[in-house]
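Remarks on the overall topology
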Amino acid sequence: MYTITDIVICEINSSILKYCGEKMDYEYILTRLSKMLSPKRLQHSIGVSKTAEEMAERFGGDKVKAGLAGLLHDAAREVPVADLLPRAQAFGIVVSDIEKAEPILLHAPISAKLAESKFNIHDAEILQAIFLHTTGGAHMSLLDKIIYLADVIEPGRNFGGLEEIRAMAHSDLDKALLLALDQSIAYILEEGGLIHPATIEARNDLLIKQRTPILHTT
């Protein structure tokens, strides 16, 4: 398990200053997040950030963007469930019937809004990756895939089938993502839950690309 002092994302103190264009450093983000998240959730976010950065390096992504998106992906995860729908509506987020029935899904788009409004993150790639980290979606970018998977495989996670996903994530991002989506869908079906259409779209998009690889790139 990582501790706050163990994690340094791309020499984050200088990278964020250059990237965000404001006086914001890693410790500042952690301090603000510590007031929004429980210690356990904060530790998870640090783990996702570190894992995302490692995956970005492995697959040719932007390590700073990956680190930031991973750190902020769950900024709204501990907003009370009863407050998620009103908060989403206040932000102007379009809410589907499934999200009304399962409001916990709204923590992802609300987290993207908080990253923008509270942490001055305006990069569209980072915000989209945070937005999609729970459901996935069609035509996911490299960063979208990295954040979705990092959330699944960070060191604090432990569930059946996880090691297979982790192993695949070292060599084939799309195959690892497909395994993660299949595992998520299987769990939801077993629990009798609602499957978000974006999750189906993400899975179908990956399968279509596998079957017609010459027509698609990551």
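Each value, and the rule that gives it
Residues numbered from 1 in each chain as written. Predicted model: local features only at pLDDT ≥ 70, side-chain atom pairs only at ≥ 80, totals over all residues. Heavy atoms only, no water. Salt bridge = Lys/Arg side-chain N within 4 Å of Asp/Glu carboxyl O. Helix = DSSP H or I, 4+ residues; strand = E, 2+ residues; numbered from the N terminus. Buried < 20%, exposed > 50% of the residue type's maximum accessible area, 1.4 Å probe, protein only. Core = buried A, V, L, I, M, F, W, Y, C linked by side-chain atoms within 4.5 Å. Contact = heavy atoms within 4.5 Å. pLDDT = per-residue confidence, 0-100. Phe/Tyr/Trp six-rings, centres within 6.5 Å; stacked < 30°, edge-to-face > 60°. Lys NZ or Arg CZ within 6 Å of the ring centre and 35° of its normal. 1 Å grid on protein atoms, 1.4 Å probe; cavity = no way out; pocket = protein on both sides within 12 Å on 5 of 7 lines; lining within 4 Å. Points joined across faces, edges and corners; volume = space filled by probe spheres on them. Nonpolar A, V, L, I, M, F, W, Y, C, P; charged D, E, K, R; others polar. Axes fitted to C-alpha atoms, helices over the stretch in contact; angles between N-to-C directions. Parallel < 35°, antiparallel > 145°, perpendicular 65-115°, else oblique. Left-handed = near helix turned anticlockwise from the far one by under 90°. Expected span 1.5 Å × (residues − 1).

**Let's talk about the pattern of salt bridges**
Under the definition given, this model contains 10 salt bridges. Between K65 and D123 there is a salt bridge whose closest N-O contact spans 3.1 Å. Placement of the pair is K65 in helix 4 (residues 63-72) and D123 in the loop between helix 7 (107-119) and helix 8 (124-131), with a sequence separation of 58 residues. As far as the burial class goes, K65 and D123 line up, both buried.

**Digging into the nonpolar core**
L33, L72, I110, I121, I146 and L149 are the most contacted members of the largest nonpolar core, which totals 56 residues. Of the residues forming this core, the biggest block, eight residues, is contributed by helix 9 (residues 142-153). Residue contacts for L72: discarding those within four places in its chain leaves I29, L33, S111, A115, F119, I121 and I130.

**A short note on the confidence of the model for the protein chain**
Across the protein chain, the average pLDDT comes to 88, with 86% of residues at 70 or higher. Mean pLDDT across the elements of the protein chain ranges from a minimum in helix 1 (residues 12-20), with 39, to a maximum in helix 9, with 98. Confidence drops under pLDDT 50 across residues 1-24; counting only partners more than four residues distant or on other chains, this segment forms 53 contacts.

**Here we look at the packing of aromatic side chains**
Evaluated as defined, the whole model comprises zero aromatic pairs. For R32, the ring lying beneath its charged end belongs to F119, and the centroid distance is 5.4 Å.

**Focus on empty space enclosed by the protein**
Taken as a whole and judged by the stated rule, the model has one cavity of 30 Å³ or more. Here the largest cavity is characterised by a volume of approximately 30 Å³. As for the largest cavity, its lining consists of G137, A138, H139, M140, K145, L177, A202, D205, L206 and K209. The greatest single-element share of the lining of the largest cavity, amounting to four residues, is contributed by helix 12 (residues 197-211). Looking at the lining of the largest cavity residue by residue, the classes come out as five nonpolar, two polar and three charged.

**Things to note about the packing of helix 3 (residues 39-59) against helix 4**
Packing of helix 3 against helix 4 leaves a shortest axis separation of 7 Å and a crossing angle of 155 degrees. In terms of orientation, helix 3 and helix 4 fall into the roughly antiparallel class. In the packing of helix 3 onto helix 4, the handedness of the crossing is right-handed. Residues S45, I46, V48, S49, A52, E53, A56 and E57 of helix 3 pack against K63, A66, G67, G70 and L71 of helix 4. Here the residues of the contact of helix 3 with helix 4 are counted per class, giving six nonpolar, four polar and three charged.

**With respect to unusual backbone geometry**
When glycine is set aside, most residues are seen to have a negative phi, and most peptide bonds are trans. Unlike most non-glycine residues, N120 shows phi in positive territory, near 60 degrees. As for its position among the elements, N120 is in the loop between helix 7 and helix 8. Taking the relative accessible area as the measure of exposure, N120 reaches 27% and is therefore partly exposed. Backbone geometry places H139, a non-glycine residue, at a positive phi of 55 degrees. Looking at the secondary structure, you find H139 in the loop between helix 8 and helix 9.

**Re the environment of D151**
Structurally, the position occupied by D151 is in helix 9. Taking relative accessible area as the criterion, D151 reaches 10% and is therefore assigned buried. Sequence separation between D151 and H133 is 18 residues; the distance between their C-alpha atoms is 7.4 Å. Once you skip the residues sitting within four places of it in the chain, D151 turns out to touch H44, V48, H73, H133 and R157.

**Structural notes on helix 9**
Along an α-helix, residues three or four apart share an orientation, since each turn contains 3.6 residues. With 12 residues, helix 9 ought to run about 16 Å at 1.5 Å a step, and its terminal C-alpha atoms sit 16 Å apart, in line with that. Burial analysis of helix 9 places 11 of its 12 residues in the buried class, the great majority of the element. Among all positions of helix 9, only L143, D144, K145, I146, I147, Y148, L149, A150, D151, V152 and I153 are buried. The inward-facing, buried residues of helix 9 contact helix 3, helix 4, helix 8, helix 10 (162-168), helix 11 (173-191) and helix 12.

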